[in-house]
Every structure is written in structure tokens, then in C-alpha cells.
Amino acid sequence: MEQYVIKGGNPLVGEVEIGGAKNAALAILAASIMTDETVTIENLPNVRDINALLEAMAEIGARIDRTDAHTVKISGAFVKDVPVDYESMKKIRASYYLLGALLGKYKRAEVILPGGCNIGSRPMDLHIKGFRALGADVEIRGGAVAASARHLRGSHIYLDKVSVGATINIMMAASMAEGKTIIENAAKEPHVVDVANFLNSMGANIRGAGTDVIRIVGVEKLHRTEYSIIPDQIEAGTFMFAAAATKGDVMVKNVIPKHLEATTAKLLEIGCEVEEFDDAVRVVASKPLRNTQVTTLPYPGFPTDMQPQMTVLLGIATGVSTVTESIFENRFKYVDELTRMGAAIKVESSIAIITGVDRYMGARVSAPDLRAGAALVIAGLAAEGITIVDDIYYIQRGYENFEGKLRGLGAQIELVSSEKELQKFRLKVS
Ligand code: EPZ
């Protein structure tokens, strides 16, 4: 069993390169099989979720040629349309993007209901509502979603809740429907825009991505393209917060500062300095951190995927802070773990009330999901003594070489897989 072992207390200092956005890449990979021509995708993050989706796509007949760790060529010419019920599909929630892609291309799709991080109930009603509005018959049978249509027809779709997944899935299917689709109350996340740009580079006709009304005129065929994925704003934000928590000075490179505005605003509010460059941000934390209030919201609001990292930061800020989770109802599971490191946090329904403490104390904790796992690593980096993080499988779903990048900034962190390696680390840092 792999674990992270961390000796906290070192300020992070230096430069770190951010990889491609995992959540954009997942949708883009699925969309790449919508053409029979070969698509090249660059700046792919080399993380478990991506590799699991590529594996699942290969199982349904996609030809995958990984030319290097961050580049893949995909041919969807031999993809089988239905059904997609392989074990690998259950591992990742993003397998649901194959529904939109296959429905658009073949007008038929059957995909096993997705797994993914357990951060609350994660329904698919809006995806299904969208497919039905496009004229598909959709049913749930044997744990799978099955959708089929004689013809997909453009439609006017209002999403009752802002959903990244539903917006992207409907956008994919509508790209190959007949006529015009309008998605209202669409998600505006940078990865929605990236997927739209990718589909447009394949010949789709999508306008308005990044606003809450997306207009799509369906096309009959999509074609080959070469596309580079945008930087991961959550990976970037995680390193920015790690710099702040350790009183460090970090230049986070290969980012789009505009995508980080909510994260940057909170860092400024709690007393950090943030300098923006064309494709980098520098975070300097030289003063004590101050308390604040945060509510997670769809983009451009504060991202739910940065919520645990924010709580960790506020846990060692002066005064009382609140963090309100408005997207997923089960995203405070890490608080018990953080309490074992000395945090003073009370969760009342969707609000965490945080009384700042001077410092965290190293402890053995376990990652309950991807972002919470990364947040516990940040706590370990800021803590006195040694922290061991179990279940780092979750962290590896979305962070490439997390420990290596942190070590590059001066952190004392190691990935260990035996008691012997753990003892060796203890000796080294003692
Ligand atoms: C995406 O999940 C991301 N996952 C999540 O990232 C991220 O937390 C989330 O968007 C919000 O930004 C991927 O891109 C693979 P939603 P998704 O549909 O698409 C409700 C990470 O750590 N809803 O935007 O599943 C839903 O319950 C992960 O990288 C419905 O009610 O999220 C939630 O309250 C975790 N019906 C809200 O909408 C639906 O049909 C937003 O969910 C769909 C969603």
C-alpha cells in the first residue's frame, strides 16, 4: 500500500510547472472518438483517471497511441457503439462523457453508471433530460444508462442546476444533432470552454461557451485535429495554497491567471501577496494568515475542488472562518482527519466553522477523496513533525508526480510502499 510520508515545517520555495487540466482532458478524450479520423491531444496530464479512461476507450475499440506521457493519438474509426459495460468504466465518473460522444456519433449509447469520488450523491438527471430533449429515448437498465435515437434534433434546453458534466455531455451530443441547440444556465468553467474549442477544432459549430447560454448548430461529421489542453486550475490552486500554508514563496508556472481569480482573491484576503504574470502567478506568504468567509460556487465563483485546501489554510489562520459548501453535500469528510492533526473545526450541515490554531501536528491520516487528499498533504507540509497520508490512490487520480513537484519546492515528502521505506524516511529527516 502506497503512502505519503511528510516531515512538515519547510516553507515551499521555488518554481513549479502545472500540467494539463484533468477534467478538460477527460471530456476531450471521450469526444475524440466522435470522428473516424486520428486526433492528436497534447498537454495530457499523466494521472490515473486519464489512464483509466484511455484503457476503457481501448476496450471499446479506440486505437490509442501514447506517443509520450503527455501526448496521445486516438482513432475512433473502430469504436463499437454499444454497450460500454467494462469494469474500467466503473472506476471513473467521467466515463459518462462516452454517452454524449457515442450518442452524437452513432445515435446509440449504453454506458454503465459512473463511479468516481464519493463526495455526495451525483445524479445524472440533467444529462438525461438533455439527451431526451434532443430526441433520444433514455432508460436506466442493469446499472447502465442506455440512450438511442433515430434522429437527434436540436432543442432548447434549460438546465435546472449548473452542471459541468451535463453541459459538456449535451454539448457533445448536440454537436452532431440536426439543427440548432440552445443550452441555458450552462456551466461556464474553463474546461467547458476548452471542450467547446476542441470540438470546434474538429468542425463543430459551438458558440457562447464560457457564458451561460451555449448555442450549437449540429454538423454531420467531425474531422481530425491537433489540440493542446489548458492548464489545470485546480492543480495550480493547490500549489498556491501549499505555498501559503507553509509561509513560502512559489512561482506557479504554465497557468492562465484569469482562471485562478477566485483562488487568488481569497489568498489576497487572508494576507498573502500574489503577483500575476502572463502565464504564471507568484504567491508569497510572509505575514500571518487572516480569517475569512468562503462559499463554493460554480465558476467564476470559488471552486468546490479547492474547498478542502481552503479549509486547511484557514485552519491555521487567525480568528474564526467559515467555509460553505454549496455544490456537493458530502465534501467535509476530511475534517475528522484534520482534527486529528489539531484543527479546531465544527461542521454544521454544509458549513465548516473553523477556529484557527497556531499549527498542525503531524499524524497518520487517510485521504477520503482526491482534493481532500491533496489538502491533507498541504496540512502535513505545514505541520510540526511527521504526517503519514494513507489511501493516496485518490490523490494520484488527479495530481501528476505530486510528491516530486513538492520536493522540487523543498518539501520533505516521500512516496513509500513499505514499513522499511517509512523507517528510512524517518531516519533521514530526524
Ligand atoms: C465535475 O463533476 C468535476 N468532475 C468535479 O471534479 C467537480 O467537483 C465538479 O464538476 C464541479 O465543478 C469532472 O469533470 C470529471 P456537476 P460533475 O455536474 O460534472 C448536481 C475533481 O475533484 N447535478 O457540475 O459530476 C450535482 O449533484 C472532481 O476533480 C445534478 O443535480 O459535477 C452537483 O450538486 C470531483 N444532476 C452539481 O449539480 C445532474 O444530472 C454540480 O455537479 C448533474 C449534476
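Residues numbered from 1 in each chain as written. Predicted model: local features only at pLDDT ≥ 70, side-chain atom pairs only at ≥ 80, totals over all residues. Heavy atoms only, no water.

1. Regarding the overall build of the protein
Short version of the rule: Strands here mean DSSP runs of E at least two residues long; helices mean DSSP runs of H or I at least four residues long; both are numbered from the N terminus. Put simply, the radius of gyration uses C-alpha atoms, and a globule should come to 2.2 Å times the residue count raised to 0.38. For every residue, the accessible area (1.4 Å probe, protein chains only) is compared with the maximum for its type, and the residue is labelled buried under 20%, exposed over 50%, or partly exposed between those bounds. Contacts are assigned to residue pairs that have any heavy atoms within 4.5 Å of one another. For this count, His and the chain ends are skipped, Lys and Arg are scored as positive, and Asp and Glu as negative. The atoms used to mark charge sites are NZ of Lys, CZ of Arg, CG of Asp and CD of Glu.
In terms of regular secondary structure, the protein is built from 15 helices and 23 strands. Its C-alpha atoms give the protein a radius of gyration of 22 Å, within 12% of the compact-globule value 22 Å for 430 residues. Dimensions along the principal axes, computed over C-alpha positions, put the protein at roughly 65 × 45 × 40 Å. Here the protein, with 430 residues, has 57% of them falling under the buried criterion. Pairs at least 24 apart in sequence give 72% of the contacts found in the protein among residues at least 6 apart. For the protein, the separation between the mean place of its 47 positive charges and that of its 52 negative charges on side chains is 2 Å.

2. Observations concerning the domain arrangement of the protein
Filter applied, for reference: An automatic or database domain assignment is the source of the domain bounds shown. Throughout, the accessible surface (probe 1.4 Å) given up by two parts as they are put together, summed over both, is called the buried area.
Taken domain by domain, the protein holds domain 1 (3-19 + 231-429) and domain 2 (22-228). With 25 residues of domain 1 at the contact, the number on the domain 2 side is 23 residues. Summed over both sides, the interface between domain 1 and domain 2 buries roughly 2,100 Å², with carbon and sulfur atoms accounting for 50% of that surface. Among the residues of domain 1 in contact with domain 2, Tyr 299, Arg 397 and Glu 400 are the three that bury the most area, contributing 33% of the side total.

3. Topic: the side chain of Thr 296
Quick reminder of the rule: Distance and chemistry together define a polar contact, namely a pair of N or O atoms within 3.5 Å, with one atom able to donate a hydrogen and the other to accept it when in protein, and with adjacent residues in sequence counting only for side-chain atoms on both sides.
Take Thr 296: it is sitting in the loop between β17 (293-295) and α10 (307-314). According to the relative accessible area criterion, Thr 296 is buried, its value standing at 0%. A polar atom in the side chain of Thr 296 sits 3.2 Å from the side chain of Glu 325.

4. Looking at helix α6 (residues 164-175)
Operational definition: Multiplying one less than the number of residues by 1.5 Å gives the expected span of a helix.
Helix length check: α6, at twelve residues, gives a terminal C-alpha distance of 17 Å against a target of 16 Å (1.5 Å per residue), a fit within 8%. Counting buried positions over the twelve residues of α6 gives eleven, a clear majority of the element. With a side-chain oxygen lying 3.5 Å from the backbone nitrogen of Gly 165, the N-terminal cap of α6 falls on Ser 163.

5. Examining unusual backbone geometry
Cis peptide bonds are those with omega within 30 degrees of zero, and the linkage from Tyr 299 to Pro 300 qualifies with 10°. Examined against the element boundaries, Pro 300 turns out to sit in the loop between β17 and α10. Positive phi values are uncommon outside glycine, yet Asn 254 reaches one of about 60°. Accessibility expressed as a relative area gives 26% for Asn 254, which makes it partly exposed. With a phi close to 45°, Ser 349 is a non-glycine residue in the positive phi region. Here Ser 349 shows up in the loop between β19 (344-348) and β20 (351-355).

6. Brief notes about the site of the ligand
Put simply, the rule is: When at least one non-hydrogen atom of a residue lies within 4 Å of a molecule or strand, that residue is treated as near it. To be clear on the numbers: accessible area is Shrake-Rupley with a 1.4 Å probe, and residue cover counts the displayed protein chains and nothing else. All amino acids are sorted into three groups, where Ala, Val, Leu, Ile, Met, Phe, Trp, Tyr, Cys and Pro are nonpolar, Asp, Glu, Lys and Arg are charged, and the leftover types, Gly among them, are polar.
The environment of the ligand is made up of 24 residues, and the closest members are Asp 125, Leu 126, Ser 163, Asp 305 and Ile 327. Here an oxygen atom of the ligand and a side-chain polar atom of Lys 22 are 2.9 Å apart. Interatomic distance of 2.5 Å between a backbone N/O atom of Ile 327 and an oxygen atom of the ligand. For the ligand, whose unbound accessible area comes to 830 Å², protein coverage reaches 92%. Those elements that place two or more of their residues in the shell around the ligand are α1 (22-31), α5 (125-133), α6 and α12 (370-382). In terms of residue count, the dominant contributor to the shell around the ligand is α5 (three residues). When its residues are assigned to classes, the shell around the ligand shows ten nonpolar, six polar and eight charged. Split by domain, the shell around the ligand shows at least three residues from each of two domains, domain 1 (3-19 + 231-429) and domain 2 (22-228).

7. Points about α5
Along α5, the residues classified as buried are Leu 126, His 127, Ile 128, Gly 130 and Phe 131. In this fold, the buried residues of α5 make contact with α4 (97-106), β7 (137-141), β8 (144-148), β9 (156-158) and α6. In the segment just after α5, Gly 135 is the residue with positive phi, at about 100°.

8. Concerning the sheet that holds β8
The condition that has to hold: When DSSP finds two or more bridges between a pair of strands, those strands are recorded as paired. Axis lines are fitted through C-alpha atoms, for helices just across the contact stretch, and the angle between N-to-C directions can take any value from 0 to 180 degrees.
The strand order across the open sheet formed by three strands is β6-β8-β7, and the pairing between neighbours is antiparallel. Each of the sheet's edge strands pairs with one partner strand only, and the pair in question is β6 (108-112) and β7. With strand direction ignored, the average angle separating the axes of adjacent strands in the sheet is 15°. Bridge count for β7 against β8 is five bridges, and the pairing is antiparallel. Each residue of the ladder has a partner; that of Val 138, found in β8, is Ala 147. Seen against the sheet, α4 touches β6 and β8 and runs at an angle of roughly 165° to β6.

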